[in-house]
Amino acid sequence: MKRLPTLAASALLACSLSGAAHADPAPAWLASWTASPQAVWGQDFLFPSNVPATLDEQTVRQVARISLGGKRVRIVLSNAYGRTPLTIQAATVALAGEASAIRPGSLRTITFGGRASATIAPGAPLLSDPIALTVPDLARLTVSLHLPPHSAMNTFHWDGRATAWIAPNDQTRATRIDTSQPGVRTSTARLILSAIEVEVPAAASVVAVIGDSITDGASASLDADTRWPDVLAARLAPHGVAVINAGISGGRLLSDGMGDNALARFERDVLAQPGVRAVVVLIGINDISWPGTAFEAHAARPTLKALIAGYTQLIARAHSRGVRVIGATLTPFEGALPGTPLSDYYQPGKDTLRQQLNAWIRGSGNYDAVLDFDAWARDPAHPLRLRAAYDSGDHLHPGDAGNQALADQIALSLLLPAPAKP
């Protein structure tokens, strides 16, 4: 075989390497939407679960608005708290239409290892095969799952802020769910569905937000995507940054609440999510305020030292993975939850602890940046309360206007990736 002269071979190799260096980077998968899994609780809990104990030859249809779009998607299901295997008999994804309807021509079969059905092991997630479906930024996707008889529902996300439809038989390919047919019911909880991943350019990234009901959107309008992380996602999408919501209503930093404590779930819900480069931490008000209420009548309130140690752990674990951490101060809550079994949620001593904690968040220097939600949300004339225009009415959770205002105050430069070095 005739060999190229040495100089010619070297030139050819140099051209090849130069071309590779200037080629577009390979696409990557990132989390574009998440709903943190929780264990379904019993009937004796303060709030109803709003899900059946089992699904019996039924279809669950759910709608989720992603952050960043792309040409392929993957669906992540969860049996995190299941005690037995959970079988998915059929699954589809489509671009969402109105309510339970799907957009014509967009329906795709979801497969797992090339098969249309799959079984999720107890305690495990299940990642689908890549699905060829072009989705724009901020698209709403409909995911439909058909389950066999006696499928125990042990894993959910309680406050989904979106309607889900539970219908008889296999309706994964139905153009819409007819709510007038016998056996159809709705829920605002997420069932089994825990994440949607999208294939994007390698330069794209994810901001995760870990928090409680203020992040989960307890008082945001249903089916409207008006939680403050939703608003932030719309602001960041043009910059190639997705936002995932790892909030859990009733969530706490140090102790389990209506879900695992933040220290326990930080790996699963934040650090393990593909593409996460920054995390916003807004959690702690339930640690402070649950003790002494109907939730925990005889529990002791955590100390400032214990709360700081918990935050310090989150920061250290994130930094060890190259993830920036942005702390957010806790918002005012005087008069919270009036006329409810939790009307003693606010007490002056609890607010003293909140303000001490906020002083540490602002001044410790432990965080890479700080979002002063307390200063942005409080009433200037009565700083222990939310601004009336931002208050949902329960004096604890922001309404849609409050969520919009909080998200709009955030300087996007704090969340954008650092420019690549030349």
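Before reading on, note that the structure itself is shown above.
Attention here is on the structure that accompanies the text. Being a predicted model, the structure only gives us computed values, none of them experimental.

## A closer look at empty space enclosed by the protein
- Scanning all chains against the criterion turns up 5 cavities of 30 Å³ or more.
- By volume, the largest cavity amounts to about 90 Å³.
- W33, T34, R65, I66, S67, R227, P229, D230, A233, V243, I244 and N245 together form the lining of the largest cavity.
- Breaking the lining of the largest cavity down by element, the ones donating at least two residues are β1 (28-34), α3 (228-236) and β20 (241-247).
- When its residues are assigned to classes, the lining of the largest cavity shows 6 nonpolar, 3 polar and 3 charged.
- Reported here for the second largest cavity is a volume of approximately 70 Å³.
- Lining the second largest cavity are W33, T34, A35, H157, D159, G160, R190, D216, R227, N245 and G247.
- Counting only elements with at least two residues in the lining of the second largest cavity, the list comes to β1 and β20.
- Along the lines of polarity and charge, the residues of the lining of the second largest cavity split into 2 nonpolar, 5 polar and 4 charged.

## Regarding the sheet that holds β20
- Within the open sheet, the 5 strands sit side by side as β20-β19-β21-β22-β23. Their pairing is parallel. Looking at strand neighbours, the two that pair on one side only are β20 and β23 (369-371), the edges of this open sheet. Going across the sheet, the axis of each strand differs from the next one's by a mean of 25°, ignoring polarity.
- Taken together, the 4 bridges between strand β21 (residues 276-282) and strand β22 (residues 324-328) define a ladder with parallel strand orientation. Across the sheet, the residue bridging to V281 is G327, located in β22.
- The sheet strands contacting helix α4 (residues 262-271) are β19 (205-211), β20 and β21, and the helix crosses β19 at an angle near 160°.

## Remarks on the packing of helix α6 (residues 304-320) against helix α7 (residues 348-363)
- In contact at an axis separation of 10 Å, α6 and α7 are set at 40° when each is read in the N-to-C sense. You can see that α6 and α7 cross each other, and the crossing is right-handed. Between α6, through L304, L307, I308, Y311, T312 and I315, and α7, the contact on the second element is made entirely by L353, Q356, L357 and W360.

Calculation criteria
- Residues numbered from 1 in each chain as written.
- Predicted model: local features only at pLDDT ≥ 70, side-chain atom pairs only at ≥ 80, totals over all residues.
- Heavy atoms only, no water.
- 1 Å grid on protein atoms, 1.4 Å probe; cavity = no way out; pocket = protein on both sides within 12 Å on 5 of 7 lines; lining within 4 Å.
- Points joined across faces, edges and corners; volume = space filled by probe spheres on them.
- Helix = DSSP H or I, 4+ residues; strand = E, 2+ residues; numbered from the N terminus.
- Nonpolar A, V, L, I, M, F, W, Y, C, P; charged D, E, K, R; others polar.
- Pairing = 2+ DSSP bridges.
- Axes fitted to C-alpha atoms, helices over the stretch in contact; angles between N-to-C directions.
- Contact = heavy atoms within 4.5 Å.
- Left-handed = near helix turned anticlockwise from the far one by under 90°.

Function cannot be inferred from these measures alone, as they are strictly geometric.
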